[in-house]
Amino acid sequence: MVGKDLHVFDPGKISPQAPEQCGGLLFQLLEQKYKGKLDEKADKYLYFAVDGAVRMQDLIEALFAYSRVTTRGAPFDPVDTNLAFTQAVTNLSAVIKEDHAVVTKDHPPTVKGDEAQLAQLFQSLIGNAIKFRKPDIAPLMHVSAEEHEKEWRIQVRDNGIGMEPKYFDRIFEIFQRLHTHAEYPGTGIGLAICKRIVERHGGRIWLESAPGEGTAFSFTLATTGEDNDARDR
Ligand SMILES: Nc1ncnc2c1ncn2[C@@H]1O[C@H](COP(=O)(O)OP(=O)(O)O)[C@@H](O)[C@H]1O
Ligand SMILES: [Mg+2]
């Protein structure tokens, strides 16, 4: 190890909350310093080490996010889901622009819930709709909302690659993905987080899809929601 760089790896100096970042930084620094100076094999190993460390970090962050849905949820307040939707689209604006994606919506309702989590839910579903687009056409998404008795049913529909019905249950499980990381990057935790958020709000989430036919995710939110996890706290 190179003496003068050692301080960079002091976990206390990087961030006491993020020891998982240290490995990534170490490999990145090694790559910066030694890429092209050893042999080809060493370059390849350094590349895999950096890539693996970054993925591990993404995975750990996603697992924290999954756990925080129930441990750090905000108390329920009236939420204009238009605002949650707008927040999600703003956070995705770079990828929306890059992929020429078009997101349209009806007038999503006001419900009782956790605004940040509902924004995270829209962001995951719209983010997936863009990621799993067909390569040759612009991704189109539409968010619609309908009232059914005491609940709202909100749907996010896309014109992407779709999937076979046999995968409908599996994809909500943690780490379950239908593609390799090289085909589509991701951790396989997004939909598990979505399910947790919807269930905390007393709702259900499901989908309709077919290969090549696009996908429509629907979820329900009670018109006057109650925090499902508050009872356990
Ligand atoms: N809109 C979509 N169209 C097609 N497939 C999807 C869509 N959303 C999710 N999937 C499938 O479900 C899997 C799980 O999704 P998710 O939990 O968000 O993980 P990730 O996005 O990290 O792959 C994805 O890997 C993909 O195979
Ligand atoms: Mg995802």
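Residues numbered from 1 in each chain as written. Chains lettered and ligands numbered in written order. Predicted model: local features only at pLDDT ≥ 70, side-chain atom pairs only at ≥ 80, totals over all residues.

### Some remarks on unusual backbone geometry
Although it is not a glycine, histidine 100 adopts a positive phi angle of roughly 50°. Take histidine 100: there are 11 C-beta atoms within 10 Å of it, and that puts it in the exposed class. With a phi angle near 70°, phenylalanine 175 is a residue other than glycine that sits in the positive phi range. Following the sequence through the fold, phenylalanine 175 ends up in the loop between strand S5 (151–158) and helix H7 (190–200). Residue phenylalanine 175 is classed as exposed on the basis of its C-beta count, with 11 C-beta atoms lying within 10 Å. (Buried ≥ 20, exposed ≤ 12 C-beta atoms within 10 Å, placed from the backbone. Helix = DSSP H or I, 4+ residues; strand = E, 2+ residues; numbered from the N terminus.)

### Examining the confidence of the model for the chain
For the chain, per-residue confidence averages 87 on the pLDDT scale, and 88% of positions sit at 70 or higher. Between residues 1–14, whose pLDDT stays under 50, and residues either more than four places distant or in other chains, the model counts 15 contacts. (pLDDT = per-residue confidence, 0-100. Contact = placed C-beta atoms within 7 Å.)

### Focus on the site of ligand 1
Near ligand 1 you find 20 residues, and of these Asn128, Leu178, Gly186, Gly190 and Leu191 are the closest. Elements that contribute at least two residues to the shell around ligand 1 include exactly helix H6 (115–131) and H7. Considering only residue class, the shell around ligand 1 consists of eight nonpolar, ten polar and two charged. (Near = placed C-beta within 6 Å. Nonpolar A, V, L, I, M, F, W, Y, C, P; charged D, E, K, R; others polar.)

### What to know about the packing of helix H3 (residues 40–71) against H7
At a closest axis distance of 9 Å, the pairing of H3 and H7 adopts a crossing angle of 5°. In terms of orientation, H3 and H7 fall into the roughly parallel class. Contacts between H3 and H7 pair Ala65, Tyr66, Val69 and Thr70 from the former with Ala192, Ile193, Arg196, Ile197 and Arg200 from the latter. Along the lines of polarity and charge, the residues of the contact of H3 with H7 split into six nonpolar, one polar and two charged. (Axes fitted to C-alpha atoms, helices over the stretch in contact; angles between N-to-C directions. Parallel < 35°, antiparallel > 145°, perpendicular 65-115°, else oblique.)

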